[in-house]
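Residue-level structure breakdown
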Amino acid sequence: MQSKGFEAWLNEQMAMPRGQSHWDWMVANGYAVSTNLFNFSGVDNTIWRKLMSSPDVLRQRVAFALSEIFVISMDGLPVSWRGMVAANYLDILEAHAFGNYRQLLEAVTLSVGMGVYLNMRGNQKADGKGREPDENYAREVMQLLTIGLHKLNPDGSVQTVNGAPVDSYTQDDIRGLARVFTGWDYDRPSASVPDHAARPMAFSASRHSPEAKSFLGVNLPAGTDGVGELGIALDTLANHPNVGPFIGRQLIQRLVSSNPSLAYVSRVAAAFANNGQGVRGDLTAVVRAVLMDVEARTPSTQPGSGKLREPILRLVQWARTFNASSPLGQWNVGNTSSASTRLGQSPLRSPSVFNFFRPGYVPPGTPLGSAGLVAPEFQITNESTVVGYANWMRTVIGNGVGEVKADYTPWLPLAGDAPALFDALNSLLAAGQLGAVSRATVTAAVASMPVSTEVNRINRICATVWLIMCSPEYLAQK
Amino acid sequence: MSHSNSSVHRVQQGVSTLQRREFLRRGAALSAAGVAAPWALSLAAMGEAAAATTVNDYKALVCVFLYGANDHNNTVVPFDAATHATYTSIRASLATPRDQLLALNPRTALPSSSQMGLAPQLTGLKSLFDAGRMGVVLNVGPLVVPTTLAQYYAKSVPLPPKLFSHNDQQSIWQSSLAEGSTSGWGGRLGDLFLANNATSTFTCMNVSGNAVFMSGQQAVQYQVSSTGAVKLSATTGNSFGSPAVSQALQTLTQATSNHWMEAEHARIMKRAVQAEAQLSAGLAAAPTLTTAFNSANPLATQLQMVARTIAARNALGTKRQVFFVSLGGFDLHDNLLTQHPGLLTNVSEAISSFYAATVELGVASQVTTFTASDFGRTLTSNGDGSDHGWGSHHFVLGGAVAGQQFYGKLPSMAVNGPDDVGQGRLLPTTSVDQLGAALATWFGVPVSDLPTVFPNVGNFDLGTLPLFQ
């Protein structure tokens, strides 16, 4: 029943229509105006709106995961109409979340957001006087978006020759690809309207490198058509055997657990290679493989299993679980980057293209490291963030954030029975993973609280929610 | 809570009588001493091992990490007419005009009549150089062994892994290992001096985001915000009207577990709560700093917290501390001319304020600050920026530094020259290990202990950087 129920939910979620786009919401709510040319007004709002309330919750979850792999950041968009650029980029991730990886890669590559963030926009051919094409996108598209630094086996393990890893690309490959990524720029930019921010970049042959280009075993003769060259480059990248395990493993880390078994990665990589109908790169097949895998659905008792929930997702879970609403539609949660007073991370605001945390981060001085395990989310976990989170969530749970408010009324009937209240919320928030000791601690404290008024009872619910959401047993999702 | 200098004094006297042996994790040991009495922490009760060296004075090492890879060519710039002309011909629109540069006159002239200048924004650093408080280390970067250009191209010697990759080179600068490393040389320095500090927690303090530099084998990074340790509000007062809920929160969040991720999170929270109480009290008891720090400069606010912590060293009972601060935004493939100046302004202003604060505290010669970055950048331009490089130029500052001097070897200003691994990227002639070893020696690490801090240090000549007086 669980399996059939979950499968049906997946199908329903994948078929769900997209809601109002970030772009349209920005326009409709008056943010697409020239006073916002150089700020991001409205972007945090529409991001939280969708994460917290959009019915296509799985698409939002996958798009968010993609935003942590195909990273751009509001920190690095020093251009006009930057808010619309950011909104459009998120729309692209959402549009392709259940599409095909090859199309996603092309849409990202030609997006104004990525073009600005990693400098492909305006990149020019060499001038023969020392100026060379910018290598940033060429390097990072390989290192982060497609194949990674080292050649991989289908199970995600690193190939070795005489015990040493094998580089998947060289500086020459970067130089060759950098030449391909020349000649692209805004399509009909305007200072008065933002429309170019939603258009793929346009090609200009005069700025494109006419030189011969070699990369990853492909040799393009001089003078080859630039648009065609881009297609060949993206095909080469997307068809590389590394992509399935490289991207697949990261999707497992974002959606399920930090340390999937080699077999789990193999299964997901296999789904990437062939969705069952001979199609490579079908993201619905990949997401299905990630979420429906036996390893994703079997609780593990291993001491290093699961993952630390990232703070953004904890906040989103609170909002979803308690049916958060925003009466005026503002969703003004704001920028939650502050480590000491908020979450220590905020969507689309990572400090660099390397996301908030690295797939290979090992928290120092822990048994995880000794056991060869990673725990990426610990890279943003420190003395400031753990306290900042507990402090802020107390306020958020009790008072909401901005005009975003939770609805605790469904739990009022249980509020007088602290153990029953705990059991219900433990199940909903933590899949029942808080154990007997925590249950005793929470219920003793909550049972000591007054219960006669509705305010009393809401406080009991808030206290239970807060205690659960701060417990290590909740924070480590197993 | 009450505290007294005499209890700290007792602890310090006890250090020298301890035997070296296996010891507990700092966090667990800290909890064994009890939340209620942080000032009565007894090293004997925690079973601490002796440091490699017992010290009686105070020293601090401060790492200023410039994330994204600082463009060194526009930071320390050729100034003599001939070399500047070459630089301009290569860098074209990216080149800083000669008349804007701050010419440096070192005590020992550079060879071949070469002269260098600082970027115009680095006025504070220029003053420190002129006053003999700052040295410039030329062409420094990660190496496994000394490497010639021929060896690099032939790959006939071991090279640092994952060159030109940001995250890996950050890790290699900080720890000698690529991403995934779990200890850095700042932490390994801390390991050697932990027992000299009344509370080991304050040995390695990071005022920015997590950095492997700060973790040792035993030393644990302690992270604080630029305004101080964040106080858990549940430690004072009620939560949702209930004191019991506040107490329950503390119990739950510090509960031990067999699950490693749960246990680590709880350990961090436990350390956060206990350390905040001590640090806040220590900061409150410390002399107030009058040196101004620009609150709009994120590097300055971090260094201000470092200065305040140093001011509290007597209250905290610290003798050896390693600090980490950082500034991001240096990956200027684009917009070098528009964005680099602001970053350099922040660096110069923040470090100048910090040095002034150490003078105010009377510890100028006991604090050494150095810059570091992922790597340098290409000499050539891509139109409006530069790309990933390797060797770079960095600064070392402090009252003990033999400043107004260049250290290391001046690289050739050329493309396809003798130092060039492509587009003017520099093959380093001084290794991070050599720089680190000089800093570590000043810090008090015996030569025999250097390999525990820098695994590859035995591959290099030491003493090539006489940075200290």
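Here the structure is a predicted model, which means the values were calculated and not measured.

1. What about the overall build of chain A?
Counting secondary structure elements, chain A contains 21 helices and 8 strands. Its C-alpha radius of gyration of 24 Å places chain A within 12% of the 23 Å reference for a compact globule of 478 residues. Seen through its C-alpha atoms, chain A measures out along the principal axes to roughly 80 × 60 × 45 Å. Sorting the 478 residues of chain A into buried and exposed places 56% on the buried side. Intrachain contacts of chain A at a sequence separation of at least 6 include 70% that bridge at least 24 residues.

2. A few points about the overall build of chain B
Secondary structure summary: chain B contains 15 helices and 12 strands in total. Each of the 469 residues in chain B was classed as buried or not, and the buried ones make up 59%. Counted over contacts in chain B with a minimum sequence separation of 6, partners at least 24 positions apart contribute 74%.

3. Let's talk about the sheet that holds strand 2 (residues 76–78) of chain B
Residues and elements named next belong to chain B. Spatially, the 3 strands line up as an open sheet ordered 2-4-3, and their pairing is antiparallel. Two strands in the sheet have a free side with no partner beyond their single neighbour: strand 2 and strand 3 (102–103). In the sheet, strand 3 pairs with strand 4 (residues 116–118) via 2 bridges, with the strands oriented antiparallel. Following the sheet pairing, Ala103 is matched in strand 4 by Gly117.

4. Some words on helix 17 (residues 383–399) of chain A
Residues and elements named next belong to chain A. For helix 17, with 17 residues, the first-to-last C-alpha span of 25 Å sits near the 24 Å given by 1.5 Å per residue. Counting buried residues in helix 17 gives 13 out of 17 residues, a clear majority hidden from the surface. Phi turns positive one or two residues past the end of helix 17, at Gly400, with a value near 80°.

5. Thoughts on the environment of A:Asp417
Mapped onto the elements of the fold, A:Asp417 is located in the loop between helix 17 and helix 18 (418–430). For A:Asp417, a count of 16 C-beta atoms within 10 Å puts it in the partly exposed group.

6. Considering the environment of A:Leu110
Residues and elements named next belong to chain A. Following the sequence through the fold, Leu110 ends up in the loop between helix 6 (101–109) and helix 7 (112–117). With 92 residues separating them in the primary sequence, Leu110 and Ala202 have C-alpha atoms 8.2 Å apart. Here Leu110 is in contact with Trp184, Pro200 and Met201, once residues within four sequence places are set aside.

7. Some thoughts on the domain arrangement of chain A
Residue and element names in this part refer to chain A. Looking at chain A, the domain boundaries give domain 1 (2–297) and domain 2 (307–477). Inter-centroid distance (C-alpha atoms) of domain 1 to domain 2 is 30 Å. The interface of domain 1 with domain 2 comprises 26 residues on the first partner and 23 residues on the second. The set of elements that each furnish at least two residues to the side of domain 1 that touches domain 2 consists of helix 3 (43–53), helix 4 (57–67), helix 5 (82–96), helix 8 (136–146) and helix 11 (243–255). Broken down by element, the side of domain 1 that touches domain 2 gets its largest block of residues, 8 residues, from helix 3. Considered class by class, the residues forming the side of domain 1 that touches domain 2 number 12 nonpolar, 9 polar and 5 charged.

8. Quick look at the interface of chain B and chain A
Taken together, the contact pairs 64 residues of chain B with 65 residues of chain A. Elements that contribute at least two residues to the side of chain B that touches chain A include exactly helix 7 (166–175), strand 7 (222–223), helix 9 (243–253) and helix 10 (260–285) of chain B. Class assignment of the residues belonging to the side of chain B that touches chain A gives a composition of 25 nonpolar, 32 polar and 7 charged.

9. So, the packing of helix 19 (residues 436–447) of chain A against helix 9 of chain B
It is at 8 Å that the axes of helix 19 of chain A and helix 9 of chain B come closest, and there the two elements cross at 165°. In terms of their interaxial angle, helix 19 of chain A and helix 9 of chain B are classed as roughly antiparallel. Every pair of crossing elements has a handedness; the one defined by helix 19 of chain A and helix 9 of chain B is left-handed. Along its contact with helix 19 of chain A, which presents A:Ser438, A:Thr441, A:Val442 and A:Ala445, the element helix 9 of chain B presents B:Ala244, B:Val245, B:Gln247, B:Ala248, B:Thr251 and B:Leu252.

10. Some points on the confidence of the model for chain B
All names here are of chain B. When the pLDDT values of chain B are averaged, the result is 90; 89% of them are 70 or greater. Overall, residues 1–51 carries pLDDT values under 50, and its contacts beyond four positions in sequence, including any with other chains, amount to 71 contacts. For this predicted complex, the interface confidence comes out at an ipTM of 0.97, alongside a pTM of 0.92.

11. Quick word on the pairing of strand 1 (residues 59–66) of chain B
All names here are of chain B. Counting buried positions along strand 1 gives 8 out of 8 residues, so the element sits mostly inside the fold. Side chains of strand 1 alternate between two faces, with Lys59, Leu61, Cys63 and Phe65 and Ala60, Val62, Val64 and Leu66 buried alike. As defined by bridge partners, strand 1 adjoins strand 8 (residues 320–327) across 8 bridges and the pair is classed as parallel. Paired with Val64 across the strands is Val325, a residue of strand 8.

12. Regarding unusual backbone geometry
Residues and elements named next belong to chain A. The residue Trp331 is not glycine, and still its phi comes out positive at about 50°. On the secondary structure map, Trp331 appears in the loop between helix 15 (311–321) and helix 16 (367–370). Unusually for a residue other than glycine, Leu348 sits at a positive phi of about 60°. You can see Leu348 is positioned in the loop between helix 15 and helix 16. Judged by C-beta crowding, with 24 C-beta atoms within 10 Å, Leu348 ranks as buried.

13. Here we look at the environment of B:Ser348
Residue and element names in this part refer to chain B. Here Ser348 shows up in helix 13 (residues 336–360). Remark: the alpha-carbon pair of Ser348 and Leu299, spanning 49 residues in sequence, is separated by 9.7 Å. Among all residues touching Ser348, those that are not within four sequence positions of it are Gln121, Leu122, Thr123, Gly124 and Leu125.

14. A short note on helix 15 of chain A
Residues and elements named next belong to chain A. Here helix 15 has its buried residues at Pro311, Ile312, Leu315, Val316, Trp318 and Ala319. Angularly, the buried residues of helix 15 cover 155° about the axis, an arc narrow enough to put them on a single face. Elements in contact with the buried residues of helix 15: helix 3, helix 17 and helix 20 (454–470). Within two residues after helix 15, Asn323 carries a phi angle of roughly 50°, on the positive side.

Rules and cut-offs
Residues numbered from 1 in each chain as written. Chains lettered and ligands numbered in written order. Predicted model: local features only at pLDDT ≥ 70, side-chain atom pairs only at ≥ 80, totals over all residues. Helix = DSSP H or I, 4+ residues; strand = E, 2+ residues; numbered from the N terminus. Rg over C-alpha atoms; globule rule 2.2 N^0.38 Å. Buried ≥ 20, exposed ≤ 12 C-beta atoms within 10 Å, placed from the backbone. Contact = placed C-beta atoms within 7 Å. Pairing = 2+ DSSP bridges. Expected span 1.5 Å × (residues − 1). Domains from an automatic or database assignment. Nonpolar A, V, L, I, M, F, W, Y, C, P; charged D, E, K, R; others polar. Axes fitted to C-alpha atoms, helices over the stretch in contact; angles between N-to-C directions. Parallel < 35°, antiparallel > 145°, perpendicular 65-115°, else oblique. Left-handed = near helix turned anticlockwise from the far one by under 90°. pLDDT = per-residue confidence, 0-100. Arc of directions from axis to C-beta.

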